[in-house]
Amino acid sequence: MKIKRISVILAAAMLVLAFAGCSKSADIEKTIDSYMTGVCEYDSFAFESLLYFESEQEEQLYFWGLSDEEFEAYNALTDMSPKFTVFLREAASRITYSIESISENGDSAQAELSVTYVDGSNFAVTALERMYSSILGSKLDGIAYDIDEILYSTIYNMTFSEELDMVNDSITLELVKHNGEWKIVPSDALKTVSTSAFYKNASEIIDETNKYRKN
């Protein structure tokens, strides 16, 4: 009888530990899902509080973990025309992900994600190439051109008239427990997925557009 009682107690203890582990993983999964939902809805305010910044980083990083320089370029690009924001919203809506695994170690954790996102970096390069081609064609034909209209229409047409190139990748998220809540640590990989890598070419688009605007 005593042996059976001990077995029951051990089994109950194991169940408690298992449920406790599931609860922690569920909290981490909820944080990741909340963050990625905000990303897919292009709503930075919805997930900004889910990121964890070191104290010395708080004055240097913006949503998605963009630095001062990256944020200024990204912001300037969307200020140039609503069509850039249209592309970014469309790209965000096409992001998909799945949580493959979660491992915890006290107040820190790692999550492995499979992600699919629009190749915004390649999109930007292609848009510039087509802008150059349109400008050259106009110059050869002796036709006046509007650099802003050429770039904006190129962005818009590429966004909705063509199949956007997608990237399939795996990323590792680092998380920490801060004030009793799980937070995601910003990283280059997460920043790339969250912005569809478009931020990488934001400065180049602005510089090239301004160069032709002055001519």
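Quick notes on the rules
- Residues numbered from 1 in each chain as written.
- Predicted model: local features only at pLDDT ≥ 70, side-chain atom pairs only at ≥ 80, totals over all residues.
- Heavy atoms only, no water.
- Salt bridge = Lys/Arg side-chain N within 4 Å of Asp/Glu carboxyl O.
- Buried < 20%, exposed > 50% of the residue type's maximum accessible area, 1.4 Å probe, protein only.
- Helix = DSSP H or I, 4+ residues; strand = E, 2+ residues; numbered from the N terminus.
- Expected span 1.5 Å × (residues − 1).
- Phe/Tyr/Trp six-rings, centres within 6.5 Å; stacked < 30°, edge-to-face > 60°.
- Pairing = 2+ DSSP bridges.
- Axes fitted to C-alpha atoms, helices over the stretch in contact; angles between N-to-C directions.
- Parallel < 35°, antiparallel > 145°, perpendicular 65-115°, else oblique.
- Left-handed = near helix turned anticlockwise from the far one by under 90°.
- Contact = heavy atoms within 4.5 Å.
- Nonpolar A, V, L, I, M, F, W, Y, C, P; charged D, E, K, R; others polar.

Chemist: Lay out the pattern of salt bridges with the relevant residues and their values.
Modeler: Summed over all chains, the structure comprises 3 salt bridges. Between Glu 90 and Arg 94 there is a salt bridge, with the nearest N and O atoms lying 2.9 Å from each other. Of the charged contacts in the structure, one is a salt bridge between Lys 183 and Glu 181, with a shortest N-O distance of 3.8 Å. The exposure class assigned to Glu 181 is partly exposed, which follows from its relative accessible area of 49%.

Chemist: Explain helix H5 (residues 120–140) residue by residue, including any values.
Modeler: With 21 residues, H5 extends 30 Å from end C-alpha to end C-alpha; this agrees with the ideal 30 Å at 1.5 Å per step. Where H5 is concerned, the buried positions are Gly 120, Phe 123, Ala 124, Thr 126, Ala 127, Leu 128, Met 131, Ile 135 and Ser 138. Taken from the residues just after H5, Gly 142 is the one with a positive phi, measuring 70°.

Chemist: Please give an account of the packing of aromatic side chains that cites residues and values.
Modeler: Enumeration over the complete set of coordinates arrives at 2 aromatic pairs. Here the aromatic rings of Phe 87 and Phe 123 are separated by 3.9 Å at their centres, their planes lie at 15°, and the arrangement is stacked. Taken together, the residues Phe 87 in helix H4 (residues 82–93) and Phe 123 in helix H5 connect sequence positions 36 residues apart. Residue classification places Phe 87 among the buried residues on the basis of a relative accessible area of 0%. Exposure remark for Phe 123: the relative accessible area of 5% places this residue in the buried category. Aromatic pair Tyr 156 and Phe 160: ring centres 5.2 Å apart, planes at 55°, arrangement tilted. Remark: Phe 160 and Tyr 156 occur in helix H6 (residues 147–161); sequence separation between them is 4 residues, near one turn of the helix.

Chemist: Can you explain the sheet that holds strand S1 (residues 96–105)? Please cite residues and give values.
Modeler: An order of S1-S2-S3-S4 is seen for the 4 strands of this open sheet, with the pairing classed as antiparallel. Each of the sheet's edge strands pairs with one partner strand only, and the pair in question is S1 and strand S4 (181–184). Taken over all neighbouring pairs, the strand axes of this sheet differ in orientation by 25° on average, direction set aside. Note that strand S2 (residues 108–118) and strand S3 (residues 166–178) share 11 bridges and pair antiparallel. Within S3, the position partnered with Ser 108 by the bridge is Val 176.

Chemist: Explain H6 to me, and be specific about the residues and the numbers.
Modeler: Taking 1.5 Å per residue, 15 residues should reach 21 Å; H6 reaches 20 Å between its end C-alpha atoms and fits that length. Taken together, the buried positions of H6 are Ile 147, Ile 150, Leu 151, Tyr 152, Thr 154, Ile 155, Met 158 and Thr 159.

Chemist: Lay out the packing of H4 against H6 in plain terms, naming residues and giving numbers.
Modeler: Helix-helix packing is described using two parameters, namely the angle between the two axes and the distance between the axes. Interhelical geometry of H4 versus H6 gives an angle of 20° and a closest axis separation of 9 Å. Relative to H6, the element H4 is oriented roughly parallel. At the point where H4 passes H6, the crossing takes the left-handed sense. Facing H4, whose interface residues are Lys 83, Phe 84, Val 86, Phe 87 and Glu 90, H6 presents Leu 151, Tyr 152, Ser 153, Ile 155, Tyr 156, Thr 159 and Phe 160. Considered class by class, the residues forming the contact of H4 with H6 number 8 nonpolar, 2 polar and 2 charged.

Chemist: Lay out the packing of helix H3 (residues 68–80) against H4 with the relevant residues and their values.
Modeler: One can describe the packing of H3 onto H4 by two numbers: an axis separation of 4 Å at closest approach and a directional angle of 115°. Judged on the interaxial angle alone, H4 and H3 are roughly perpendicular. Two secondary-structure elements touch here, H3 through Tyr 74, Leu 77, Thr 78 and Met 80 and H4 through Pro 82, Phe 84, Thr 85 and Leu 88.

Chemist: Quick rundown of the pairing of S4? Include the residues and the values.
Modeler: Judged from the 4 bridges that link them, S3 and S4 form a sheet pairing that is antiparallel. Paired with Leu 175 across the two strands is Ile 184, which belongs to S4. Where S3 hands over to S4, the hairpin turn is made up of 2 residues, of which Asn 179 adopts a positive phi near 55°.

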